[in-house]
Each structure stands twice: as C-alpha cells, then as structure tokens.
Amino acid sequence: TVRGSITYNRGGGLTAYNTTSDYRAKDILGPAEGALDVVNRIKVYRGKMKGAEIERPMFIAHEVQEGGATWAVTGEKDAVKDDGTPLMQQVSEGSLVPMLWAAVQALSAQVEELKKSRS
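What counts as what
- Residues numbered from 1 in each chain as written.
- Predicted model: local features only at pLDDT ≥ 70, side-chain atom pairs only at ≥ 80, totals over all residues.
- Heavy atoms only, no water.
- Helix = DSSP H or I, 4+ residues; strand = E, 2+ residues; numbered from the N terminus.
- Polar contact = N/O pair within 3.5 Å; in protein donor to acceptor, adjacent residues only side chain to side chain.
- Contact = heavy atoms within 4.5 Å.
- Buried < 20%, exposed > 50% of the residue type's maximum accessible area, 1.4 Å probe, protein only.
- Expected span 1.5 Å × (residues − 1).
- Pairing = 2+ DSSP bridges.
- Core = buried A, V, L, I, M, F, W, Y, C linked by side-chain atoms within 4.5 Å.
- Patch = residues over 30% accessible without salt bridge, like charges linked within 9 Å, V, L, I, M, F, W, Y side chains within 5 Å.
- Areas by Shrake-Rupley, 256 points an atom, 1.4 Å probe, with all protein chains shown as cover.
- Salt bridge = Lys/Arg side-chain N within 4 Å of Asp/Glu carboxyl O.

Novice: Before we go on, may I ask you to explain the side chain of Q89 in this structure?
Specialist: Here Q89 lies in the loop between β5 (73-74) and β6 (90-91). At 3.0 Å, the side chain of Q89 forms a polar contact with the side chain of Q65. Q89 has contacts with A61, H62, Q65, V73, T74, G75, E76 and K77, leaving out every residue within four places of it along the chain.

Set out below in structure tokens:
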C-alpha cells in the first residue's frame with residue numbers, strides 16, 4: 001500500500017509532501033479525543049537551529065513525545081551512535097495538523113456553547 005509521495009505542481013510552483021489519506025487505506029476507530037489537552041501540553045518555543053540565522057517557532061522532540069503526540073516523533077531522547085555522536089530526534093510537524101484541527105473544532109464548539117448560554 002502506498003503511504004505517501006512527493007509531488008511537484010510546476011504550474012503552481014508547489015511541492016507537496018503527501019500522506020495517503022484515502023478512506024480505503026484506513027481503519028477508522030472513532031473521533032480524535034483529547035486534542036485540546038495534547039495541544040496545551042506541548043510547548044512552542046521561539047528559537048533557531050544551531051548554525052542558522054532565522055528565528056522561528058519550534059518544538060522540542062522529546063516534549064512532543066511526552067505531551068502525547070508520539071506518532072509525530074522519531075528517535076529516542078539523548079540517543080547516540082556507537083562513536084558517541086548524537087542521533088537526533090525528529091518531529092514530523094505536518095503529522096500534528098490533524099490534532100490541531102481537532103483542537104480548533106473543540107474550541108469552536110466551546111465558543112458556540114458560550115454564545116448559546118448568553119442568549
């Protein structure tokens with residue numbers, strides 16, 4: 001089964017990093033629950049990569065893992081190769097989007113409830 005692809009849309013100048021999302025490739029177990037809790041547990045920092053010049057928002061991989069988004073992290077905290085050089089953890093930030101989407105939906109539902117209670 002194809003799990004993803006990288007495509008380039010020359011007309012739009014867009015590179016797409018695609019994850020297979022066809023319903024036929026999935027076993028749906030239910031709605032994402034606790035999304036707002038996961039989002040609230042994972043800190044976002046402002047910083048820059050060593051050797052980089054541009055500051056940006058960023059995550060710390062082991063904190064993403066500990067915050068409950070284990071599917072978005074590869075590698076182990078503080079892992080090293082046999083020669084002692086670091087094996088860096090990585091975060092697939094794009095795989096966090098569905099949880100963020102679910103959190104926005106949860107917030108939207110809360111706003112709607114507040115509106116109704118004030119009417």
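There's plenty left to go through after this.
Novice: For this particular structure, what's the right way to read the environment of D37?
Specialist: One can find D37 in helix α1 (residues 35-41). Given a relative accessible area of 47%, D37 falls into the partly exposed group. Along the sequence, D37 and G67 sit 30 residues apart, while their C-alpha atoms lie 8.8 Å from each other.

Novice: Honestly, helix α3 (residues 97-118) in this entry has me stumped. Any pointers?
Specialist: Given 3.6 residues per helical turn, the α-helix brings residues three or four places apart onto the same face. Spanning 22 residues, α3 covers 32 Å between terminal C-alpha atoms, matching the ideal 32 Å at 1.5 Å per step. On its buried face, α3 sits against α1.

Novice: Which parts of the structure should I look at to understand the pairing of strand β1 (residues 4-9)?
Specialist: A regular strand carries its side chains on alternate faces of the sheet. Bridge analysis of β1 against strand β2 (residues 14-19) gives 6 bridges, and the strand direction is antiparallel. What sits directly across from T7, in β2, is A16. Between the antiparallel neighbours β1 and β2 lie 4 residues, among them G13 with a positive phi of about 65°.

Novice: What am I meant to see in the nonpolar core here?
Specialist: If you look at soluble globular proteins, the nonpolar side chains tend to sit buried side by side. A35, V38, I42, V64, A69 and L96 are the most contacted members of the largest nonpolar core, which has 13 residues in total. Breaking this core down by element, the ones donating at least two residues are α1, α2 (61-66) and α3.

Novice: How do you make sense of a nonpolar patch on the surface when you look at a structure like this?
Specialist: A surface patch of nonpolar side chains, amounting to about 320 Å² of accessible area, comprises V97, L100 and W101. Mapped onto the elements, L100 comes out in helix α3. Under the relative-accessibility criterion, L100 is labelled partly exposed at 42%.

Novice: What's the story with the pattern of salt bridges in this structure? I'm lost.
Specialist: Counted under the stated rule, the structure contains 3 salt bridges. Where R46 meets E55, a salt bridge forms, and the shortest distance between an N and an O atom there is 2.8 Å. Since its relative accessible area comes to 67%, R46 is described here as exposed. Note that E112 and K115 form a salt bridge whose closest N and O atoms lie 3.4 Å from each other. Here the residue E112 and the residue K115 both occupy positions in helix α3, the gap between them amounting to 3 residues, near one helical turn.

Novice: Hey, could you run me through unusual backbone geometry in this one?
Specialist: A negative phi angle is the norm for most residues apart from glycine, just as the trans form is the norm for most peptide bonds. Residue D78 is not a glycine yet carries a positive backbone phi of 65°. The topology assignment puts D78 in the loop between β5 and β6.

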